[in-house]
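Residues per chain, in single letters:
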Amino acid sequence: MKSSPTHFFFKHNSMLLRLLIFILGICSINRSNFCCDQLFATPATNSITPSSFSAIESSLKQLKIEGYFSFKNFDHVAKDFGNRYHFLPLAVLYPKSVSDISATVKHVFNMGTTTELTVAARGHGHSLEGQAQAYQGVVISMESLRAPAMRFHQGELPFVDVSAGELWINILHESLKLGLTPKSWTDYLHLTVGGTLSNAGISGQAFKHGPQINNVYQLEVVTGKGEVITCSEEKNADLFYGVLGGLGQFGIITRARIALQPAPKKVKWIRVLYSDFSTFSNDQEQLISSKDSFDYVEGFVVINRTGLLNNWRSTFNPKDPLFARKFSSEGKVLYCLEVAKYFNPDETANTNQNIDALLSTLNYIESSLFQSEVSYVEFLDRVHVSEMKLQEKGLWDVPHPWLNLLIPRSKIHDFTQEVFGKILTDTSHGPILIYPVNKSKWIKGTSMVTPEEDIMYLIAFLSSAVPSSTGKDGLEHILSKNKKILNFCGKANIGMKQYLPHYTTQEDWKVHFGPRWETFARRKSTYDPLAILAPGHGIFKRVSLLQQQ
Ligand code: FAD
């Protein structure tokens, strides 16, 4: 083939081109947002020289794959929901098959210690701190992996086999066509199977079914050596448990077998308020422990009125409008219990009775009972409605300095007294979820780390920062509040564990994993001995001779 001027430019000026892409990337990613705290940060470790850059590029191009690599236009994979960390990769793989992924990882593994090249699986990119990014590495766009097509099994224990790049919302829609549904969810369904299974997937159904990692029968995984391994509780169990909640450290999930159950058609969705935390948490704990309870139990804190995201009664009607009119939520810290009961239209009368019985055992503020009846899909996809509203206002792609904590039950009062009494007194910058889950329902041996006790609270500070603000709604202010909360947890010995954890040193990771660190590190050296996978977490350093030179 005759070399065109563009081809010549590409070949001989690849470094210059990369610099240009890098600068353009900075400009385009931050056009609408100048307050990111890690603008295309370049970690001090891992620097690939221009000559090895093009050598790697041409070696990747020679791989026989069904999909393709892209060596440009990768701004989007250097961005995530957190909108604070932006690491440009060297290439993006758009795989068509599992063997594309296996061939790529195997190729990087075979390069051995002569390179610092890493590989990150990227689901829907809704991480918060660059966890799905790979600085100067290869990012695998898991959503491109459409194979295998969703395959349902409708026996006594129904399940569906899905590609790990599938979004949960698509699985819901397809399952419903057969009258089936997955059991355990996240609050937001536009996330991939691989992305949530790498963490846990916790929502208001977790007290009943455990998190999403509890509801998986089998996985197919490409390890850090490029091997394709099928694993389950019975077969290759060490890898199976390791990968669940494993932060992508031991392998790339390519297929998952998800447990299903019969789907309901409708949902009674209820919110009630409390002014006292003890009463609120007692009721929550009672609900997650009783046998015939609601199907979903969550809750959130209302600090003053905090706008659209925290609008606790939008889309709800008061049970008793006269009573409700007397109720004012302004100026106080309130706790909102949110519950839901699933049902089919022919069970309406029974369901109403059942709900009345359950509500009669609770001690909420009487005039604050708000309810709504929606379809099952509307209920599960509820956060997407907020997303659309925020997208419209240009408020979705802002920095999200989220903080998710798991607090043991015995310390929840100390925690709330300090945080809602002293640290966050006047306002919050997004919803603050707070609800207990019963860990005895969770399978043991996964990589997910939780506090010691059986009952723990998930507390999610889901803040949005106003771009370029230096005030209370700005990124720095919110991050400093997060830091205060974390410092308090440390000083008061709360026994907290971060969910969707983020640490910057291996020492901190060791503390996070505690006694489980040894198993975690052992699994890493077994399944990803060169530490090629999921570099964005910063847990392990890529094994490379270059670091020693
Ligand atoms: P990505 O951000 O793309 O990846 C996340 C991590 O998983 C990365 O380390 C990546 O390398 C790894 N990974 C991705 N795919 C694979 C794979 N196939 N194999 C191995 N590793 C892989 N979480 C909850 O538990 N409950 C909630 O209710 C909840 N609500 C949320 C609501 C919103 C609006 C957002 C933005 C997030 C929410 N999350 C919730 C957090 C969410 O579960 C995680 O951020 C999840 O990782 C996002 O999935 P993703 O597909 O975007 O993954």
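This text goes with the structure placed above it.
An account of the accompanying structure is given in this report.

Thresholds applied
Residues numbered from 1 in each chain as written. Predicted model: local features only at pLDDT ≥ 70, side-chain atom pairs only at ≥ 80, totals over all residues. Heavy atoms only, no water. Phe/Tyr/Trp six-rings, centres within 6.5 Å; stacked < 30°, edge-to-face > 60°. Helix = DSSP H or I, 4+ residues; strand = E, 2+ residues; numbered from the N terminus. Buried < 20%, exposed > 50% of the residue type's maximum accessible area, 1.4 Å probe, protein only. Core = buried A, V, L, I, M, F, W, Y, C linked by side-chain atoms within 4.5 Å. Domains from an automatic or database assignment. Contact = heavy atoms within 4.5 Å. Pairing = 2+ DSSP bridges. 1 Å grid on protein atoms, 1.4 Å probe; cavity = no way out; pocket = protein on both sides within 12 Å on 5 of 7 lines; lining within 4 Å. Points joined across faces, edges and corners; volume = space filled by probe spheres on them. Nonpolar A, V, L, I, M, F, W, Y, C, P; charged D, E, K, R; others polar. Salt bridge = Lys/Arg side-chain N within 4 Å of Asp/Glu carboxyl O. Near = heavy atom within 4 Å. Polar contact = N/O pair within 3.5 Å; in protein donor to acceptor, adjacent residues only side chain to side chain. Expected span 1.5 Å × (residues − 1). Arc of directions from axis to C-beta. Axes fitted to C-alpha atoms, helices over the stretch in contact; angles between N-to-C directions.

## Structural notes on the packing of aromatic side chains
Tallying each qualifying case throughout the model produces 30 aromatic pairs. Residues Phe 159 and Tyr 217 carry aromatic rings whose centres are separated by 6.3 Å and whose planes lie at 85 degrees to one another, so their mutual orientation is edge-to-face. Here Tyr 217 lies in strand β8 (residues 216-223) and Phe 159 lies in strand β6 (residues 159-163), a separation of 58 residues in the sequence. Look at Phe 159 and you get buried, because its relative accessible area is 14%. An angle of 80 degrees between the planes, with centres 5.3 Å apart, marks the rings of Trp 269 and Phe 379 as edge-to-face. Placement of Trp 269 in strand β11 (residues 266-274) and of Phe 379 in helix α12 (residues 376-380) is noted, with a sequence separation of 110 residues between them. Each member of the pair Trp 269 and Phe 379 is classed as buried.

## What about the nonpolar core?
Core analysis: the biggest nonpolar cluster contains 68 residues, and Leu 197, Ile 202, Leu 219 and Phe 379 have the highest contact counts within it. Here this core gathers at least three residues from each of two domains, domain 2 (151-262) and domain 3 (266-498). Discounting residues that sit within four places of it in the chain, Leu 197 has contacts with Gln 212, Ile 213, Val 216, Leu 219, Val 243, Leu 244, Gly 245, Ile 253 and Ala 256. Val 272, Tyr 274, Ile 432 and Phe 461 belong to the second largest nonpolar core, which has 41 residues in total.

## Describing the pairing of β8
For β8, the buried fraction is high: seven of the eight residues fall into the buried class. When β8 meets strand β10 (residues 251-262), the two strands line up antiparallel, connected through seven bridges. Residue pairing in the sheet places Thr 223 in a bridge with Gly 251 of β10. Pairing of β8 with strand β9 (residues 228-232) involves five bridges; the strand directions are antiparallel. In the strand pairing of β9, Val 221 is matched with Ile 229. Between β8 and β9, which pair antiparallel and follow one another directly, the connecting turn spans four residues, one of which, Gly 226, has a positive phi of 90 degrees.

## Focus on the layout of surface pockets
Counted as a void, the second largest pocket has a volume near 870 Å³. Along the wall of the second largest pocket there are 40 residues; nearest its centre are Leu 486, Met 496, Gln 498, His 502 and Tyr 503. Of all the secondary structure elements, the ones that give two or more residues to the lining of the second largest pocket are β16 (403-408), α15 (475-491), β19 (497-499) and α16 (506-513). Looking at which element gives the most residues to the lining of the second largest pocket, the answer is α15, with six residues. Of the residues in the lining of the second largest pocket, the class split is 19 nonpolar, 11 polar and 10 charged.

## As for the environment of Ile 101
Take Ile 101: it is sitting in helix α4 (residues 98-110). As for Ile 101 and Met 142, which are separated by 41 residues in sequence, their C-alpha atoms are 9.4 Å apart. Those residues in contact with Ile 101 that lie beyond four places of it in its chain are Leu 93, Pro 95, Ile 140, Met 142, Leu 145, Val 222, Ile 252 and Thr 254.

## Here we look at the pattern of salt bridges
Evaluated as defined, the whole model comprises 19 salt bridges. Lys 422 is the partner of Glu 418 in a salt bridge, and the nearest nitrogen-oxygen pair spans 3.6 Å. One end of the pair is Glu 418 and the other is Lys 422, both in helix α14 (residues 412-423) and four residues apart, which spans about a single turn. By relative accessible area, which is 60% here, Lys 422 ends up exposed. The partner of Lys 524 in a salt bridge is Asp 528, and the shortest N-O contact between them spans 2.6 Å. Comparing Lys 524 with Asp 528, the two get one shared label, buried. Beyond isolated ion pairs, a larger network of salt bridges with shared partners links Arg 151, Asp 161, Arg 255 and Arg 257.

## As for the site of the ligand
Near the ligand, the surroundings consist of 33 residues, among which Gly 123, His 126, Ser 127, Thr 192 and Tyr 499 are the closest. Contacts to the ligand include Gln 131, whose backbone N or O atom sits 3.1 Å from an oxygen atom. Residue Ser 198 places a side-chain N or O atom 3.1 Å away from a nitrogen atom belonging to the ligand. When its residues are assigned to classes, the shell around the ligand shows 14 nonpolar, 17 polar and two charged. Shared between two domains, the shell around the ligand takes at least three residues from each, and those domains are domain 1 (52-141 + 525-537) and domain 2 (151-262).

## Details of helix α3 (residues 50-61)
Helix length check: α3, at 12 residues, gives a terminal C-alpha distance of 17 Å against a target of 16 Å (1.5 Å per residue), a fit within 8%. All buried positions along α3 are accounted for by Phe 53, Ile 56, Glu 57, Ser 59 and Leu 60. For α3, the arc enclosing every buried residue in end-on projection is 165 degrees, short of the 170-degree limit, so these residues lie on one face. The outward face of α3, more than 90 degrees from its buried face, is lined by the exposed residues Ser 51 and Lys 61.

## Things to note about the sheet that holds strand β2 (residues 91-94)
Whenever strands of a sheet pair, they do so through backbone hydrogen bonds, lying parallel or antiparallel. The strand order β1-β2-β4-β3 describes an open sheet built from four strands, whose pairing is mixed. Since the sheet does not close on itself, it has two edges, and those belong to β1 (68-70) and β3 (119-122), each with one partner. On average, adjacent strands in this sheet sit at an angle of 25 degrees to one another, irrespective of strand direction. Here β1 runs beside β2; their pairing, made up of three bridges, is antiparallel. For Tyr 68, the partnering residue across the bridge sits in β2 and is Tyr 94. Running at roughly 150 degrees to β2, α4 makes contact with β1, β2, β3 and β4 (138-141) of the sheet.

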